[in-house]
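# An overview of the molecular structure
Each chain is listed here by its residues.
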Amino acid sequence: MKMMNCPLNGLRNISEFVHGGEVKEMPDPNSCSDKEWADYVFFSDNAISVVTEWWLHAPSGYWFIAERHTGSDEILKTYDPSVLFSERVEFSAPATEVKA
Amino acid sequence: MPFSLLKYGLNKDYPFEQHADLPKPTVLKSHYDVVIIGGGGHGVATAYYLAKYHGINNVAILEKSYLGGGNTARNTAVIRSNYLTSEGVKFYSESVKLFKELSNEFDFNIMYSQRGQLTLAHTDAAVRGFRQRAEVNKHFGGKTELIDPQQIRELVPTLNMNPADMPVLAGLWHMDGATARHDAVAWGYAKGATQRGVELHQLTEVTDVIVEQGKVTGVKTNRGNVSCGCVVQAVAGHSSLLAAKAGFKMPITTFPLQAMVTQPVKPFLDPLVSSPSLHCYVQQTGRGELVFGGGSDPYPLYSTRSTMDLKESLLANAVELFPFMANMRLMRQWAGLTDITSDYSPIMGLSPVDNYYLDAGWGTWGFKSTPICGKSMAEMVASGGKVPELIKPFSMDRFNSFRQVNEMGATAASH
Ligand SMILES: Cc1cc2nc3c(=O)[nH]c(=O)nc-3n(C[C@H](O)[C@H](O)[C@H](O)COP(=O)(O)OP(=O)(O)OC[C@H]3O[C@@H](n4cnc5c(N)ncnc54)[C@H](O)[C@@H]3O)c2cc1C
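Here the residue numbers are simple positions, counted from 1 along each chain's written sequence. Chain letters and ligand numbers both follow the written order, the letters beginning at A and the numbers at 1. Residues qualify for local features only when their pLDDT is at least 70, as the model is predicted, and side-chain atom pairs are given and counted only at 80 or more; totals for whole chains, interfaces and linings, by contrast, use all residues. For side-chain calculations, the full set of non-hydrogen atoms in the structure is used, while hydrogens and water are omitted.

All names here are of chain B. Note on definitions: the grid is 1 Å and covers protein atoms alone; a cavity is a set of points where a 1.4 Å probe fits but cannot get out; a pocket is an open set with protein on both sides within 12 Å along at least five of seven lines; lining residues have an atom within 4 Å of a point. Grid points are joined across faces, edges and corners, and a volume is the space filled by probe spheres set on the points. Scanning all chains against the criterion turns up one cavity of 30 Å³ or more. A volume near 30 Å³ is recorded for the largest cavity. Along its surface, the largest cavity is lined by V78, Q117, L272, V273, S274, Y281, V282, Q283 and S414. Breaking the lining of the largest cavity down by element, the ones donating at least two residues are β13 (272-275) and β14 (280-284). Helix and strand assignments follow DSSP, with helices taken as H or I runs no shorter than four residues and strands as E runs no shorter than two, numbered in order from the N terminus.

Written out as structure tokens, the structure is:
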């Protein structure tokens, strides 16, 4: 069976993994147009090339990123998503007291 | 006879050339009114209806490989109309009607064989879904019923009624279910189209699409450039790649779909049998072979390789349905590239580029639609881009307005 290198669990059978789609930047759902949202949700390049994709290692519930060639099925690298999201998310709304 | 056979045997030339069905390849002209990209069933059907019913025959079909060598040659030929949505059922029912008449229309046998399709429910939810499908189907004139385990036993005595410990609760019995010889469908259309003046250019790959001021004006090929009035794109698994050349994206992902066939045995199985829960369908061909198919591969890929994993998972379930098949030998296996949409319905109609028409998103279910899709596409081309009512719900724009036509449940492992 084909194997994939999970950044958390090492080499595992491909049947343990679930494909999650191309990595794309999500538009802000509150401000983007319907067309932009549809574009994000449904439309894709679907090209023959090296593609950066989300994958899930199902038994451990761990999401990561793989770079794979969609023509040869060669998996070039896999890494933890923190590499993409290394910046800290700042919550701008000030914490307010919740009244019962 | 033996003498003439011997003569043919020693002859260096192929003796039947003068009777060939398709005209010899000609030079590629510099202009056509209509260019059809893709010489699969859909492309040649569109050309046929254009020439026969609309008198438009300055048409070139450009095929990068050979006639019908794509998914048209690779599918398992299930023809049915027992879908879920009224848009879907209406559309596919028209195709079933055309298929029944196709051998007469061509004066060429496409081996249409109506033996009914039986889909198995192993859960209450599936029974509810089947009830709805039966009603929608009957409403549009189809012959579909919900049947009980006793009726299933009578239809298919060899079926294990408790496969993989998932008892069969009911069946969707679709009497219109059929198969046809897929190659013959492509040949029949190609022959009819070329006899009426359409040119079929095999080994002619479209390498780029020429768009000027938002309108298509021609295509580039490995045999030179061709200008044209309009283009119909019918390239199945390669849809997104062609669209990219024309400058837009599609809501399509390309997945391999595999199928396989056993050695021939005596006839024992009349209906087509499918189990969505077991991701598996089985049918016996006129030659006695058993054809197995299932769902697409689990992740996108542009490769028609076959995998051991799919064989193991698919055949394990097939053997659950028919345990005595465990000792049979596989003869052939293959795969095709399927263009899957997220709602499991096709994309037919206009594109963001003027005069560039789409016939795509046929995924694992588009053989059965070959006649009606070709007829509708021809109507649209002949009217200069007026989309026929029947195919309006399947525009690519439905994804922008979130009006999908959901056929996922009715497609899953039945095609
Ligand atoms: C294993 C399998 C089983 C299936 N089972 C069923 C079934 O039981 N029932 C059903 O209804 N459907 C089934 N399908 C789906 C069905 O086969 C397809 O939807 C249908 O055949 C599509 O027809 P087409 O003419 O659009 O595509 P194709 O027959 O694939 O034709 C497209 C053609 O375009 C050509 N092309 C691509 N790029 C270019 C280019 N740049 N320039 C020129 N030419 C190009 C290709 O070479 C190809 O010949 C199955 C598919 C597979 C793979």
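For the rest of this paragraph, the subject is the nonpolar core. Looking at soluble globular proteins, one finds that nonpolar side chains tend to be buried together. All names here are of chain B. Ranked by internal contacts, the top residues of the largest apolar core, which has 56 residues, are F91, F99, I110 and Y189. Every element with two or more residues in this core is listed here: β1 (31-37), α2 (41-54), β2 (59-62), α4 (86-106), α7 (182-195), β11 (224-233) and α10 (370-382). A domain split of this core shows at least three residues from each of domain 1 (25-74 + 183-251 + 343-410) and domain 2 (114-178 + 253-341). Whether two residues are in contact is decided by their heavy atoms, any of which lying within 4.5 Å being enough. Not counting residues within four places of it along the chain, the set of residues in contact with F91 comprises M348, W362, S369, I372, C373, L390, I391 and F394. Core analysis: the next-biggest nonpolar cluster, separate from the first, contains 30 residues, Y32, V231, L242 and A360 among them. Nonpolar core, defined: a set of buried Ala, Val, Leu, Ile, Met, Phe, Trp, Tyr and Cys residues in which side-chain atoms within 4.5 Å join the residues together. Partly exposed describes any residue whose relative accessible area lies between the buried limit of under 20% and the exposed limit of over 50%, with all areas from a 1.4 Å probe on protein chains only and scaled to the type maximum. Note that domain bounds follow an automatic or database assignment of domains.

Another aspect to go through is the sheet that holds strand β4 (residues 50-57) of chain A. All names here are of chain A. Should DSSP find at least two bridges between two strands, the strands are taken to pair. Read across the open sheet, the four strands follow the order β3-β4-β5-β6; overall the sheet is antiparallel. On the outer flanks of this sheet lie β3 (17-22) and β6 (75-79), each paired with one strand and no other. Strand-to-strand twist of the sheet, defined as the mean angle between neighbouring strand axes without regard to direction, takes the value 30 degrees. Pairing of β4 with strand β5 (residues 62-69), which is carried by eight bridges, proceeds in the antiparallel orientation. Residue pairing across strands places T52 opposite E67, the latter belonging to β5. As a rule, the C-alpha atoms of each element are fitted with a line to give its axis, helices using only the stretch in contact, and angles between N-to-C directions run from 0 to 180 degrees.

Residues and elements named next belong to chain B. For A164, which is not a glycine, the phi torsion comes out positive at approximately 50 degrees. Residue position: A164 is located in the loop between α6 (149-155) and β6 (170-174). With a relative accessible area of 32%, A164 lands in the partly exposed category.

Moving on: the site of the ligand. Residue and element names in this part refer to chain B. The nearness test applies per residue and asks whether one of its heavy atoms lies within 4 Å of the molecule or strand. Taken together, the neighbourhood of the ligand is formed by 36 residues, with E63, N71, T72, T76 and K368 sitting nearest. The separation between a nitrogen atom of the ligand and a polar main-chain atom of V206 is 2.9 Å. What qualifies as a polar contact is a pair of N or O atoms within 3.5 Å, subject to a donor-acceptor requirement within protein and to the restriction that residues adjacent in sequence count only when both atoms come from side chains. Residue K368 places a main-chain N or O atom 2.8 Å away from an oxygen atom belonging to the ligand. Isolated, the ligand exposes 1000 Å² of accessible area, and the fraction of that covered by the protein chains is 98%. Secondary structure elements with two or more residues in the shell around the ligand: α2, α3 (71-74), β12 (252-262) and β16 (330-341). The leading source of residues in the shell around the ligand is α3, at three residues. Three categories are distinguished: nonpolar for Ala, Val, Leu, Ile, Met, Phe, Trp, Tyr, Cys and Pro, charged for Asp, Glu, Lys and Arg, and polar for the others, with Gly belonging to the last. Of the residues contributing to the shell around the ligand, the split by class is 14 nonpolar, 17 polar and five charged. Here the shell around the ligand gathers at least three residues from each of two domains, domain 1 (25-74 + 183-251 + 343-410) and domain 2 (114-178 + 253-341). In short, Shrake-Rupley with a 1.4 Å probe defines the accessible areas, and a residue's cover is counted only from the protein chains shown.

Opposite charge on two side chains allows them to pair when their charged atoms are near. Residues and elements named next belong to chain B. By salt bridge we mean one thing: a side-chain nitrogen of Lys or Arg within 4 Å of a carboxyl oxygen of Asp or Glu. In total, this model carries 15 salt bridges over all chains according to the counting rule given. A salt bridge links K100 to D176, with the shortest nitrogen-to-oxygen separation between them at 3.8 Å. Of this pair, K100 sits in helix α4 while D176 sits in the loop between β6 and β7 (178-179); the two residues are 76 residues apart in sequence, bridging distant segments of the chain. Take D176: its relative accessible area is 6%, and that puts it in the buried class.

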